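Here is how the chains run, residue by residue.
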Amino acid sequence: MQTLDLNGPIGVFDSGYGGLTILRGIRRLLPQYDYIYLGDNARAPYGNRSFDIVYRFTLEAVNELFARGCPLVILACNTASAKALRSIQQRDLPEIDPTRRVLGVIRPTVEVLGKLSSGGHIGVFATPGTIASESYNIEIAKLYPHFTTTGQACPMWVPLVENEEAAGPGADYFVQKYITSLLQADPQIDTVVLGCTHYPLILDKIRQYMPPHIGIVEQGNIVASSLADYLQRHPEMESRLTRGGAVEYLTTENPEKFNHLARMFMNCDVSASRL
Ligand code: DGL
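So, a few notes on the structure that sits alongside this text. (Residues numbered from 1 in each chain as written. Predicted model: local features only at pLDDT ≥ 70, side-chain atom pairs only at ≥ 80, totals over all residues. Heavy atoms only, no water.)

### Focus on the pattern of salt bridges
- This model, assessed by the stated rule, comprises 14 salt bridges.
- Linking R107 and E111 is a salt bridge whose minimum nitrogen-to-oxygen distance equals 3.3 Å. A residue pair is termed a helical-turn pair when its members lie 3 or 4 positions apart in one helix, as R107 and E111 do in helix α5 (residues 106-111) at four residues.
- Since its relative accessible area comes to 39%, E111 is described here as partly exposed.
- Via salt bridges that share partners, R86, R107, E111, E139 and K142 belong to a single interconnected network. (Salt bridge = Lys/Arg side-chain N within 4 Å of Asp/Glu carboxyl O. Helix = DSSP H or I, 4+ residues; strand = E, 2+ residues; numbered from the N terminus. Buried < 20%, exposed > 50% of the residue type's maximum accessible area, 1.4 Å probe, protein only.)

### Concerning helix α4 (residues 85-96)
- Here α4 is 12 residues long, yet its end C-alpha atoms lie only 14 Å apart, well below the 16 Å a rise of 1.5 Å per residue gives.
- Residues of α4 that are buried: L85, I88, D92, L93 and I96. One side of α4 holds all its buried residues, which, seen down the axis, span an arc of 105 degrees. Along α4, the residues that are exposed and aim more than 90 degrees away from the buried face are Q90 and E95.
- Those residues of α4 hidden inside the fold are in contact with α2 (51-67), β3 (72-75), α3 (78-83) and β4 (101-103). (Expected span 1.5 Å × (residues − 1). Arc of directions from axis to C-beta. Contact = heavy atoms within 4.5 Å.)

### Considerations on the site of the ligand
- Neighbouring the ligand are the residues D14, S15, P45, Y46, G47, C77, N78, T79, T127, C196, T197 and H198.
- In the model, an oxygen atom of the ligand is placed 2.8 Å from a nitrogen or oxygen of the G47 main chain.
- For the ligand, whose accessible area on its own is 300 Å², the fraction buried by protein is 99%.
- Its residues assigned to classes, the shell around the ligand comprises four nonpolar, seven polar and one charged. (Near = heavy atom within 4 Å. Polar contact = N/O pair within 3.5 Å; in protein donor to acceptor, adjacent residues only side chain to side chain. Areas by Shrake-Rupley, 256 points an atom, 1.4 Å probe, with all protein chains shown as cover. Nonpolar A, V, L, I, M, F, W, Y, C, P; charged D, E, K, R; others polar.)

### A few points about the nonpolar core
- L20, F125, W157 and I202 are the most contacted members of the largest nonpolar core, which has 53 residues in total.
- The leading source of residues in this core is helix α10 (residues 169-185), at six residues.
- Here I202 is in contact with W157, L160, V161, A166, A171 and V175, once residues within four sequence places are set aside.
- Listed in part, the 24 residues of the second largest apolar core include I36, L75, I88 and L250. (Core = buried A, V, L, I, M, F, W, Y, C linked by side-chain atoms within 4.5 Å.)

### Here's the deal with the pairing of strand β7 (residues 191-194)
- Along β7, one buried face is formed by T191 and V193 and the opposite face, lined by V192 and L194, is buried too.
- In the sheet, strand β5 (residues 121-126) pairs with β7 via four bridges, with the strands oriented parallel. When the bridges of β7 are listed, I122 appears paired with T191.
- With respect to chirality, the unit in which β7 leads through helix α11 (residues 203-209) into the neighbouring parallel strand β8 (residues 215-217) is right-handed. (Pairing = 2+ DSSP bridges. Right-handed = clockwise from strand over helix to strand, strands pointing away.)

### A word on the side chain of D34
- Note on placement: D34 falls in the loop between α1 (19-29) and β2 (35-39).
- In this structure D34 is buried but unpaired, with R27 as the nearest side chain of opposite charge at 7.7 Å.
- A polar contact is formed between the side chain of D34 and the backbone nitrogen of G245, at a distance of 3.0 Å.
- A polar contact is formed between the side chain of D34 and the backbone nitrogen of A246, at a distance of 2.9 Å.
- For D34, the contacting residues outside a window of four places in its chain are P9, I10, T242, R243, G244, G245 and A246. (Lys, Arg positive; Asp, Glu negative; His and termini not counted.)

### Concerning the sheet that holds strand β10 (residues 272-274)
- Read across the sheet, six strands follow the order β4-β3-β1-β2-β9-β10 without closing on themselves; strand pairing throughout is parallel. At either end of the open sheet lies a strand with only one pairing partner, and these are β4 and β10. Ignoring which end each strand starts from, the neighbouring axes of this sheet average 25 degrees apart.
- As defined by bridge partners, β3 adjoins β4 across three bridges and the pair is classed as parallel. Counterpart to V73 in the pairing with β4 is V102.
- Most of the contacts of α4 go to β4, to which it runs at about 170 degrees, and overall it touches β3 and β4. (Axes fitted to C-alpha atoms, helices over the stretch in contact; angles between N-to-C directions.)

Right under this line is the structure:
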């Protein structure tokens, strides 16, 4: 599939809606480029799925975005970044097309922790799959070997957001529960990472129950700055990106259903097509 002269949009992939919080941050900083967002809503959530399955689904999505002309694909999903990114980068890309790139959201998030954390005690909220992969612990240990990282799986937060209950009274119980459990595991935590794309939508409740001295790290702007930096350092990739400011939304599920919930994530109207 190697196509050295190919120009096209930036592909943004997520298991469903969550990557829209990343796309929002990226578009705020880099509105000039064209984007294709692909949500695999028909097979979401990925959070509880095994490594093999997340890898297979993610590779299919990357190939789809490549076939639509994207020279660069962002895995805007922590679970896919945790379970599929490395294999795709190391095993698949060299065969598919070594001139294209696939980037994830975990490494850029980890990179900023050195500046944000005062005491080196990090808490990570994420899906069960991301926590089980230990990707955050591994990446943090590589960059900051003296840091202590404690993960907390939050299996109920994605369903709360997707059922539009993030602001409802039912959310209080599960927000409190996971915060309490994390702080019991490490009472010295000074910074928590929202390591799942849905969690910015439950941020008000998280703030309500989180001790105020603890910093909360959201990914949208961080991933956007990291991408801007990447494109500056890689003019050979930047020059392959088309600049029309357009976004195409694709979903593997029903587009009307996607449009309804996508509005909540993007804060604007979205018109998706079925893949
Ligand atoms: N987008 C996923 C993530 O960031 C959350 C939703 C899912 O479990 O598929 O981990």
